[in-house]
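# Coordinate inspection notes
The residues making up each chain are set out below.
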Amino acid sequence: MLDQLVELLARAFDALGLNGTRLRWKWNRRRRELGESGLKAEMVVRSTQVAYKMCPSCRALVPRHVRRCTECGATLADVRAPGITRVIENLIPGATATTAAILLANTLMFALCLLRPFTADGYDPGPPFTRLLRFDLPTLVLYGSGLSPLTTQFHEWWRIITPVFLHGGLLHFLFNSLALVRLGPLVEEEFGTERLATIYVVTGIAGSAMSQLVRPVQTVGASGALCGLLGLLLVHGWRLGGAYGSRLKSVMLQNTVLMVGMSFLPGIDWLNHLGGFLAGCALALIVPSGSFRSRATEGVWIILAWLSIAAVLASFYFMSKLGVRDVGLLPPRFFH
């Protein structure tokens, strides 16, 4: 029907002395683009529904749920199975499932702060547009920011974890998201999904803990965990050696110099950066990279990954239960 309508318009253009041929050419090109887009979308859907995945060692097709090749016995821990992981990779080019899950958690927390801030009689956090650049302190406390007095004096140790997924404003969120998309897939490629999940949470805790336990502070952001990934890759490149290791070390060293320079800008929590970075460097010395050497080792890292996820979920649970109460403990000066 659309073809007939375009042809009628083209003939009308020809009758009026206009360029009807050009209209036909544009429409045919648009049809090809739509056809290619539809074919790509169909392939994306089909790639998430197939029942098999390919072993990178022997190229055999094996069931999607197995973690070792049934033909050659090679580990398939780093092979993306059809399903949600492929959907994520297709939606965010270059991102892995773990990176996308962390990014999703950060995005949900940012949306909560923006759309559902803390409000009370006589206190107005302002319209959403004005909060984009910087969230007010009561809202951040409500959603789990690392406020030292609450963490240490009221023993709310879950506030060492929740700040890792919380950001102070739009620029803070965007900058950390960009760093996560660049560093996360690289760490997952070198260390695997389970190790990335564990390392991210551990380095985030290390940065947040160093920040809050050293002096009174209000801290938020994934910077500690990201600096942990940076330190991890820096030491990993040094340990690898060779052309690839030297290149990885050089790039991470450049990023480290940039991170150090930014850490001393006003409003930046440099102790959080330092704690995460040192933890990442230490983990690079003890955490093996590459494929798992045995099923027992693989099982240990799977357990550690799930324990890390459980700790994060438990922290969010306590945040939902105690966040409102904690805002009421703030002195009046925090509301002005």
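Residues numbered from 1 in each chain as written. Predicted model: local features only at pLDDT ≥ 70, side-chain atom pairs only at ≥ 80, totals over all residues. Heavy atoms only, no water.

Moving on to a nonpolar patch on the surface. Together, V260, F264, W270, L274 and L278 give the surface a local cluster of nonpolar side chains, amounting to about 480 Å² of exposed area. Counting residues per element, the nonpolar patch draws most heavily on helix α12 (residues 270–286), which supplies 3 residues. By secondary structure assignment, the location of L278 is in helix α12. A relative accessible area of 44% places L278 in the partly exposed class. (Patch = residues over 30% accessible without salt bridge, like charges linked within 9 Å, V, L, I, M, F, W, Y side chains within 5 Å. Areas by Shrake-Rupley, 256 points an atom, 1.4 Å probe, with all protein chains shown as cover. Salt bridge = Lys/Arg side-chain N within 4 Å of Asp/Glu carboxyl O. Helix = DSSP H or I, 4+ residues; strand = E, 2+ residues; numbered from the N terminus. Buried < 20%, exposed > 50% of the residue type's maximum accessible area, 1.4 Å probe, protein only.)

Below, the discussion takes up the nonpolar core. The biggest cluster of nonpolar side chains holds 58 residues, and the ones touching the most others in it are F165, Y200 and L229. When contributions to this core are tallied by element, the ones reaching two or more residues are α4 (97–115), α6 (137–142), α8 (170–191), α9 (193–214), α10 (223–240), α11 (242–263), α12 and α13 (295–328). Per-element tally for this core: the top contributor is α10, with 9 residues. C55, V62, A74 and L76 belong to the second largest nonpolar core, which has 6 residues in total. (Core = buried A, V, L, I, M, F, W, Y, C linked by side-chain atoms within 4.5 Å.)

What follows deals with a positive patch on the surface. The grouping of R22, K26, R29 and R32 at the surface amounts to a positive patch. Of note, K26 is situated in helix α2 (residues 20–49). Its relative accessible area of 40% is what places K26 among the partly exposed residues. (Lys, Arg positive; Asp, Glu negative; His and termini not counted. Charge placed at Lys NZ, Arg CZ, Asp CG, Glu CD.)

This next bit is on α13. Relative to the 50 Å expected for 34 residues at 1.5 Å per residue, α13 spans 50 Å between its end C-alpha atoms, a close match to the ideal helical length. The sharpest bend along α13 comes to roughly 50°, located at L322. Along α13, the positions that sit buried rather than exposed are E298, W301, A305, S308, V312, S315, F316, M319, G323, D326 and V327. Of the surrounding secondary structure, the elements contacted by the buried residues of α13 are α4, α6, α7 (148–152) and α9. (Expected span 1.5 Å × (residues − 1). Bend = angle between axes of the 7 residues up to and from the residue. Contact = heavy atoms within 4.5 Å.)

Once that is clear, we can look at the packing of aromatic side chains. Within the structure shown, the criterion is met by 7 aromatic pairs. Between the aromatic rings of F118 and Y123, the centroid separation amounts to 6.1 Å while the plane-to-plane angle is 40°, which identifies the pairing as tilted. By relative accessible area, F118 is classed as buried at 12%. Judged by relative accessible area, Y123 falls into the buried class, the value being 13%. (Phe/Tyr/Trp six-rings, centres within 6.5 Å; stacked < 30°, edge-to-face > 60°.)

This paragraph deals with the pattern of salt bridges. If you walk through the whole model with that rule in mind, you get 5 salt bridges. When the shortest N-O distance is used, the salt bridge between E156 and R159 registers 2.8 Å. In this structure E156 comes out as buried when scored by relative accessible area, which is 2%. The partner of R325 in a salt bridge is D326, with the nearest N and O atoms 2.8 Å apart.

Attention shifts here to the confidence of the model for the protein chain. The predicted model of the protein chain averages 84 in pLDDT, with 86% of residues at 70 or higher. Per-element averaging of pLDDT across the protein chain places helix α3 (residues 84–91) at the bottom with 58 and α12 at the top with 95. (pLDDT = per-residue confidence, 0-100.)

Put simply, α4 and α8 touch, their axes get as near as 9 Å, and they point 165° apart. Between α4 and α8, the interaxial angle falls into the category roughly antiparallel. Where α4 crosses over α8, the handedness of that crossing is right-handed. Residues T98, T99, I102, L103, N106, T107 and F110 of α4 form the contact with α8, whose participating residues are L170, F173, S177, L180, V181, G184, P185 and E188. Split into classes, the residues belonging to the contact of α4 with α8 amount to 8 nonpolar, 6 polar and 1 charged. (Axes fitted to C-alpha atoms, helices over the stretch in contact; angles between N-to-C directions. Parallel < 35°, antiparallel > 145°, perpendicular 65-115°, else oblique. Left-handed = near helix turned anticlockwise from the far one by under 90°. Nonpolar A, V, L, I, M, F, W, Y, C, P; charged D, E, K, R; others polar.)

Moving on, we get to unusual backbone geometry. Most peptide bonds are trans, and most residues other than glycine sit at a negative phi. Within the chain, R59 stands out as a residue other than glycine whose phi angle is a positive 65°. Along the chain, R59 turns up in the loop between β1 (52–54) and β2 (61–63). Among the residues examined, R59 registers a relative accessible area of 55% and is labelled exposed.

Tracing the chain through its elements places L274 in helix α12. With a relative accessible area of 33%, L274 lands in the partly exposed category. Residues L274 and M210 lie 64 residues apart in sequence; the distance between their C-alpha atoms is 8.1 Å.

Time to look at the packing of α9 against α12. Here α9 crosses α12 at 140°, and the two axes come no closer than 7 Å. The angle between the axes of α9 and α12 places the two elements in the oblique class. Two packed elements cross with a definite hand, and for α9 against α12 that hand is right-handed. Side by side, α9 and α12 meet where I199, V202, T203, A206, G207, S208, M210, S211 and V214 of the first sit next to L271, N272, L274, G275, G276, A279, G280 and L283 of the second. Of the residues that constitute the contact of α9 with α12, the class distribution is 9 nonpolar, 8 polar and no charged.

Mapped onto the elements of the fold, T198 is located in helix α9. Separated by 103 residues in the primary sequence, T198 and W301 place their C-alpha atoms 8.1 Å from one another. Those residues in contact with T198 that sit more than four places away from it in its chain are W301, L304, A305 and S308.

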